[in-house]
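Secondary and tertiary structure notes
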Amino acid sequence: MNWTYEDFKAAVLKLTGIDLSSYKERQMKRRIDSFISRNGYGSYQDFFSALCEDKMKQTHFIDYITINVSEFFRNPEQWDVLDKQILPMLLNKYRDLNIWCAACSTGEEPYSLAMLLSRHMPINRIKILATDIDANALEKAIKGIYNRKNVVNVPEDFVSRFFNAENETLVVKDWIKRCVEFKEHNLLRDPYPKQCHLILCRNVMIYLTENAKSYLYKAFYDSLHPDGVLFVGSTEQIILPQAYRLEPVAAFFYKRLADKRQE
Ligand SMILES: C[S@@+](CC[C@H](N)C(=O)[O-])C[C@H]1O[C@@H](n2cnc3c(N)ncnc32)[C@H](O)[C@@H]1O
(Lines give C-alpha, C1' and ligand atoms only; values in the text may rest on other atoms or scores of the structure.)
Protein backbone atom coordinates (compact mmCIF):
# COMPACT_ATOMS: atom_id res chain seq x y z
CA MET A 1 0.00 0.00 0.00
CA ASN A 2 1.29 3.49 -0.82
CA TRP A 3 2.42 5.69 2.05
CA THR A 4 0.37 8.70 3.08
CA TYR A 5 2.00 12.01 4.06
CA GLU A 6 1.48 10.95 7.71
CA ASP A 7 3.56 7.77 7.08
CA PHE A 8 6.26 9.85 5.39
CA LYS A 9 6.40 12.34 8.30
CA ALA A 10 6.76 9.49 10.82
CA ALA A 11 9.58 7.92 8.81
CA VAL A 12 11.42 11.26 8.41
CA LEU A 13 11.16 11.88 12.15
CA LYS A 14 12.81 8.53 12.85
CA LEU A 15 15.51 9.04 10.26
CA THR A 16 16.45 12.69 10.85
CA GLY A 17 14.87 13.79 14.16
CA ILE A 18 12.92 16.47 12.26
CA ASP A 19 9.24 16.54 13.18
CA LEU A 20 7.49 17.78 10.05
CA SER A 21 4.17 17.84 11.99
CA SER A 22 5.42 20.94 13.80
CA TYR A 23 5.59 22.93 10.57
CA LYS A 24 2.51 24.47 8.89
CA GLU A 25 1.13 21.51 7.01
CA ARG A 26 -0.15 23.03 3.77
CA GLN A 27 3.06 24.91 3.06
CA MET A 28 5.39 22.05 4.03
CA LYS A 29 3.47 19.33 2.20
CA ARG A 30 3.34 21.44 -0.98
CA ARG A 31 7.08 21.99 -0.83
CA ILE A 32 7.82 18.33 -0.24
CA ASP A 33 5.41 17.11 -2.94
CA SER A 34 6.95 19.44 -5.48
CA PHE A 35 10.48 18.36 -4.48
CA ILE A 36 9.54 14.69 -4.84
CA SER A 37 7.97 15.07 -8.27
CA ARG A 38 10.74 17.36 -9.56
CA ASN A 39 13.26 14.73 -8.56
CA GLY A 40 11.37 12.02 -10.43
CA TYR A 41 10.06 9.87 -7.55
CA GLY A 42 6.60 8.29 -7.85
CA SER A 43 5.68 8.01 -4.16
CA TYR A 44 6.66 9.05 -0.64
CA GLN A 45 7.95 5.53 -0.11
CA ASP A 46 10.28 5.56 -3.13
CA PHE A 47 11.61 8.94 -2.15
CA PHE A 48 12.14 7.87 1.46
CA SER A 49 14.07 4.75 0.34
CA ALA A 50 16.36 7.02 -1.69
CA LEU A 51 16.93 9.23 1.38
CA CYS A 52 17.90 6.18 3.44
CA GLU A 53 20.40 4.99 0.84
CA ASP A 54 22.12 8.27 0.13
CA LYS A 55 23.28 10.61 2.90
CA MET A 56 23.90 13.41 0.34
CA LYS A 57 20.27 13.25 -0.77
CA GLN A 58 19.21 13.44 2.84
CA THR A 59 21.35 16.55 3.42
CA HIS A 60 20.04 18.13 0.24
CA PHE A 61 16.44 17.42 1.28
CA ILE A 62 16.94 18.89 4.77
CA ASP A 63 18.59 21.92 3.23
CA TYR A 64 15.57 22.35 0.94
CA ILE A 65 12.86 22.05 3.58
CA THR A 66 14.56 24.30 6.13
CA ILE A 67 14.51 27.51 3.99
CA ASN A 68 17.72 29.34 4.78
CA VAL A 69 17.09 32.84 3.44
CA SER A 70 18.83 35.41 5.59
CA GLU A 71 20.39 38.86 5.40
CA PHE A 72 22.79 40.99 7.41
CA PHE A 73 20.83 43.44 9.60
CA ARG A 74 17.49 42.14 8.32
CA ASN A 75 14.84 44.79 9.15
CA PRO A 76 17.37 47.51 10.03
CA GLU A 77 14.89 49.55 12.12
CA GLN A 78 14.70 46.67 14.61
CA TRP A 79 18.49 46.48 14.84
CA ASP A 80 18.36 50.16 15.64
CA VAL A 81 16.10 49.44 18.62
CA LEU A 82 18.52 46.70 19.68
CA ASP A 83 21.43 49.14 19.38
CA LYS A 84 19.86 52.15 21.08
CA GLN A 85 17.49 50.63 23.61
CA ILE A 86 17.93 46.92 24.36
CA LEU A 87 21.72 46.54 24.47
CA PRO A 88 22.26 49.69 26.61
CA MET A 89 19.53 48.44 28.99
CA LEU A 90 21.24 45.04 29.38
CA LEU A 91 24.79 46.37 29.50
CA ASN A 92 23.84 48.91 32.09
CA LYS A 93 23.29 45.98 34.46
CA TYR A 94 25.58 43.23 33.16
CA ARG A 95 29.20 43.45 32.03
CA ASP A 96 29.06 40.27 29.92
CA LEU A 97 26.04 38.90 28.12
CA ASN A 98 25.00 35.33 27.34
CA ILE A 99 23.69 35.60 23.82
CA TRP A 100 21.98 32.93 21.76
CA CYS A 101 21.12 33.34 18.12
CA ALA A 102 18.71 30.46 17.39
CA ALA A 103 17.94 29.35 13.82
CA CYS A 104 20.90 31.41 12.60
CA SER A 105 20.96 29.89 9.11
CA THR A 106 24.06 30.87 7.11
CA GLY A 107 25.48 33.24 9.74
CA GLU A 108 24.38 36.72 8.61
CA GLU A 109 22.42 37.29 11.83
CA PRO A 110 25.02 36.32 14.48
CA TYR A 111 27.76 38.16 12.56
CA SER A 112 25.53 41.28 12.39
CA LEU A 113 25.07 41.00 16.12
CA ALA A 114 28.81 40.64 16.79
CA MET A 115 29.45 43.74 14.64
CA LEU A 116 26.80 45.74 16.47
CA LEU A 117 28.05 44.62 19.88
CA SER A 118 31.51 45.89 19.00
CA ARG A 119 30.03 49.40 19.39
CA HIS A 120 29.16 48.56 22.99
CA MET A 121 31.93 46.35 24.33
CA PRO A 122 35.46 45.13 23.58
CA ILE A 123 35.52 42.47 20.85
CA ASN A 124 37.28 39.93 23.07
CA ARG A 125 34.28 39.91 25.45
CA ILE A 126 31.68 39.23 22.74
CA LYS A 127 30.48 35.62 22.79
CA ILE A 128 27.50 34.48 20.76
CA LEU A 129 26.15 30.96 20.54
CA ALA A 130 24.60 30.53 17.07
CA THR A 131 22.58 27.41 16.28
CA ASP A 132 20.57 25.89 13.48
CA ILE A 133 19.08 22.53 12.59
CA ASP A 134 20.70 22.57 9.14
CA ALA A 135 24.32 21.37 9.09
CA ASN A 136 24.80 22.63 5.53
CA ALA A 137 23.77 26.17 6.46
CA LEU A 138 26.13 26.06 9.45
CA GLU A 139 29.02 25.01 7.23
CA LYS A 140 28.44 28.12 5.10
CA ALA A 141 28.14 30.24 8.24
CA ILE A 142 31.51 29.04 9.51
CA LYS A 143 33.13 29.89 6.16
CA GLY A 144 31.62 33.39 6.37
CA ILE A 145 31.78 34.08 2.61
CA TYR A 146 29.08 36.40 1.25
CA ASN A 147 28.33 38.33 -1.89
CA ARG A 148 27.85 42.09 -2.06
CA LYS A 149 24.07 41.71 -2.36
CA ASN A 150 24.02 40.16 1.16
CA VAL A 151 25.57 43.22 2.77
CA VAL A 152 23.35 46.03 1.47
CA ASN A 153 22.14 46.82 5.00
CA VAL A 154 25.60 46.72 6.57
CA PRO A 155 26.82 50.20 7.59
CA GLU A 156 29.69 51.31 5.34
CA ASP A 157 32.23 51.52 8.17
CA PHE A 158 31.34 47.95 9.22
CA VAL A 159 31.98 46.62 5.69
CA SER A 160 35.55 47.88 5.62
CA ARG A 161 36.20 46.98 9.26
CA PHE A 162 34.74 43.48 9.40
CA PHE A 163 35.11 42.00 5.90
CA ASN A 164 37.99 41.17 3.59
CA ALA A 165 37.10 41.77 -0.06
CA GLU A 166 38.15 38.76 -2.15
CA ASN A 167 37.27 39.01 -5.85
CA GLU A 168 33.50 39.41 -5.98
CA THR A 169 32.98 38.16 -2.43
CA LEU A 170 33.28 39.53 1.08
CA VAL A 171 34.74 37.31 3.76
CA VAL A 172 34.10 37.91 7.46
CA LYS A 173 37.41 38.62 9.20
CA ASP A 174 38.70 35.95 11.58
CA TRP A 175 38.63 38.14 14.67
CA ILE A 176 34.89 38.73 14.30
CA LYS A 177 34.31 35.07 13.41
CA ARG A 178 35.91 34.18 16.74
CA CYS A 179 33.04 35.92 18.58
CA VAL A 180 30.57 33.33 17.30
CA GLU A 181 30.36 29.63 18.11
CA PHE A 182 28.19 27.66 15.68
CA LYS A 183 26.42 24.45 16.74
CA GLU A 184 23.74 22.14 15.39
CA HIS A 185 20.52 22.43 17.42
CA ASN A 186 16.91 21.44 16.83
CA LEU A 187 14.58 23.90 18.56
CA LEU A 188 11.83 21.27 18.72
CA ARG A 189 13.92 18.56 20.30
CA ASP A 190 17.19 19.65 21.93
CA PRO A 191 17.68 21.25 25.36
CA TYR A 192 17.98 25.05 25.33
CA PRO A 193 20.90 26.99 26.82
CA LYS A 194 20.21 28.61 30.20
CA GLN A 195 20.45 32.16 31.59
CA CYS A 196 20.44 33.94 28.24
CA HIS A 197 20.43 37.73 28.47
CA LEU A 198 19.48 37.97 24.81
CA ILE A 199 17.90 35.43 22.47
CA LEU A 200 17.37 36.10 18.78
CA CYS A 201 14.94 33.74 17.09
CA ARG A 202 13.76 35.34 13.90
CA ASN A 203 11.94 34.13 10.82
CA VAL A 204 11.55 30.51 11.78
CA MET A 205 8.40 30.65 13.90
CA ILE A 206 6.41 31.76 10.84
CA TYR A 207 6.84 28.25 9.48
CA LEU A 208 5.61 26.52 12.65
CA THR A 209 2.18 25.39 13.84
CA GLU A 210 0.52 27.13 16.81
CA ASN A 211 1.39 24.18 19.07
CA ALA A 212 5.03 24.25 18.09
CA LYS A 213 5.21 28.04 18.58
CA SER A 214 3.70 27.68 22.02
CA TYR A 215 6.33 25.05 22.87
CA LEU A 216 9.07 27.46 21.74
CA TYR A 217 7.71 30.43 23.73
CA LYS A 218 7.66 28.35 26.93
CA ALA A 219 11.13 27.00 26.26
CA PHE A 220 12.46 30.52 25.56
CA TYR A 221 10.98 31.72 28.84
CA ASP A 222 12.93 28.99 30.68
CA SER A 223 16.04 29.77 28.68
CA LEU A 224 16.03 33.50 29.46
CA HIS A 225 17.91 35.08 32.35
CA PRO A 226 15.43 36.85 34.70
CA ASP A 227 16.29 40.14 32.95
CA GLY A 228 16.63 38.52 29.53
CA VAL A 229 15.10 39.70 26.24
CA LEU A 230 13.75 37.71 23.29
CA PHE A 231 14.01 39.31 19.82
CA VAL A 232 11.64 37.87 17.18
CA GLY A 233 11.11 38.40 13.45
CA SER A 234 9.06 41.20 11.92
CA THR A 235 6.00 39.00 11.27
CA GLU A 236 6.31 37.05 14.48
CA GLN A 237 4.79 39.26 17.15
CA ILE A 238 3.55 37.09 20.01
CA ILE A 239 -0.21 37.18 20.53
CA LEU A 240 -0.89 37.21 24.28
CA PRO A 241 2.74 37.29 25.45
CA GLN A 242 1.54 37.39 29.10
CA ALA A 243 0.32 33.82 28.67
CA TYR A 244 4.01 32.88 28.36
CA ARG A 245 5.12 35.32 31.08
CA LEU A 246 6.72 37.56 28.48
CA GLU A 247 6.22 41.31 28.24
CA PRO A 248 6.77 43.52 25.18
CA VAL A 249 9.50 46.13 25.74
CA ALA A 250 9.48 47.36 22.13
CA ALA A 251 7.92 45.99 18.94
CA PHE A 252 9.44 42.51 18.40
CA PHE A 253 11.29 42.50 21.75
CA TYR A 254 9.97 40.66 24.82
CA LYS A 255 11.32 40.71 28.34
CA ARG A 256 10.92 37.80 30.71
CA LEU A 257 8.46 38.66 33.49
CA ALA A 258 9.59 38.13 37.08
CA ASP A 259 9.06 34.67 38.55
CA LYS A 260 5.85 34.43 40.57
CA ARG A 261 7.89 33.45 43.63
CA GLN A 262 9.88 36.71 43.44
CA GLU A 263 6.83 39.01 43.11
C1 LIG B 1 14.46 31.83 7.15
S2 LIG B 1 15.83 31.25 8.07
C3 LIG B 1 16.03 32.54 9.25
C4 LIG B 1 17.46 32.95 9.41
C5 LIG B 1 17.71 34.15 10.33
N6 LIG B 1 17.24 33.89 11.66
C7 LIG B 1 17.07 35.39 9.78
O8 LIG B 1 16.05 35.86 10.32
O9 LIG B 1 17.57 35.93 8.78
C10 LIG B 1 15.09 29.95 9.03
C11 LIG B 1 16.11 29.03 9.66
O12 LIG B 1 15.45 28.21 10.62
C13 LIG B 1 16.09 26.96 10.66
N14 LIG B 1 15.21 25.99 11.30
C15 LIG B 1 14.07 25.45 10.82
N16 LIG B 1 13.56 24.56 11.70
C17 LIG B 1 14.40 24.57 12.78
C18 LIG B 1 14.42 23.86 14.01
N19 LIG B 1 13.46 22.97 14.32
N20 LIG B 1 15.45 24.08 14.86
C21 LIG B 1 16.43 24.97 14.55
N22 LIG B 1 16.47 25.66 13.40
C23 LIG B 1 15.46 25.47 12.52
C24 LIG B 1 16.36 26.68 9.19
O25 LIG B 1 17.37 25.71 9.00
C26 LIG B 1 16.75 28.06 8.67
O27 LIG B 1 18.13 28.23 8.67
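See the structure shown above.
Described below are features of the structure shown in this document. The shown structure was predicted, so the numbers you read here are calculated from the model rather than taken from an experiment.

1. What to know about the packing of helix 2 (residues 25–38) against helix 4 (residues 55–66)
In a pair of packed helices, the angle between the axes and the distance between the axes together describe the arrangement. Close contact between helix 2 and helix 4 brings their axes to 10 Å; oriented N to C, the two are set at 140°. In terms of orientation, helix 2 lies oblique with respect to helix 4. Here helix 2 and helix 4 pass one another in a crossing that is right-handed. Along its contact with helix 2, which presents Met28, Arg31, Ile32, Ser34, Phe35 and Arg38, the element helix 4 presents His60, Phe61, Tyr64 and Ile65.

2. Things to note about the pairing of strand 10 (residues 253–256)
Burial along strand 10 is two-sided: Phe253 and Lys255 and Tyr254 and Arg256, pointing in opposite directions, are all buried. As paired strands, strand 8 (residues 224–232) and strand 10 are joined by three bridges and run antiparallel to one another. Directly across from Val229, in strand 10, lies its bridge partner Lys255. The sheet contact formed by strand 9 (residues 246–250) and strand 10 spans four bridges and is antiparallel. Following the sheet pairing, Pro248 is matched in strand 10 by Tyr254. Between the end of strand 9 and the start of strand 10, which pair antiparallel, lie two residues, with Phe252 showing a positive phi angle near 80°.

3. Quick notes on the sheet that holds strand 10
Read across the open sheet, the seven strands follow the order 6-2-1-7-8-10-9; overall the sheet is mixed. Looking at which strands have only one partner, the edges of the open sheet turn out to be strand 6 (180–184) and strand 9. Adjacent strand axes in the sheet meet at a mean angle of 25°, parallel and antiparallel pairs treated alike. Note: strand 7 (residues 196–201) against strand 8, five bridges, orientation parallel. Counted as the bridge partner of Cys196 is Leu224 from strand 8. Helix-sheet contacts for helix 7 (residues 135–143) involve strand 2 (128–132) and strand 6, and the interaxial angle to strand 6 is about 165°. Sitting on the sheet, helix 10 (residues 210–223) is in contact with strand 1 (99–102), strand 7, strand 8, strand 9 and strand 10, with an inclination near 140° to strand 8.

Parameters and conventions
- Every chain's residues receive numbers from 1 upward, in the order its sequence appears when written.
- It should be noted that, the model being predicted, local features are given only for residues of pLDDT at least 70 and side-chain atom pairs only at 80 or more, the latter also being counted only at that level, while totals for whole chains, interfaces and linings use all residues.
- Water and hydrogen atoms were dropped before computing side-chain values, which therefore reflect all heavy atoms in the structure.
- Geometry is summarised by axes, namely lines fitted to C-alpha atoms with helices restricted to the contacting stretch, and by angles between N-to-C directions that run from 0 to 180 degrees.
- By definition, any uninterrupted DSSP run of H or I lasting at least four residues is a helix, any uninterrupted run of E lasting at least two residues is a strand, and each is numbered from the N terminus.
- Angle categories: roughly parallel below 35 degrees, roughly antiparallel above 145, roughly perpendicular from 65 to 115, and oblique for all the rest.
- Crossings are assigned a handedness: left-handed for a near helix turned anticlockwise from the far helix by less than a right angle, right-handed for a clockwise turn.
- Any pair of residues with heavy atoms lying within 4.5 Å of one another is described as a contacting pair.
- Exposure is judged per residue with a 1.4 Å probe applied to protein chains only, and the accessible area is read against the type maximum: over 50% gives exposed, under 20% gives buried, and values in between give partly exposed.
- Two strands pair under a simple rule: DSSP has to find at least two bridges between them.

In short, shape yes, function no, at least from these values alone.
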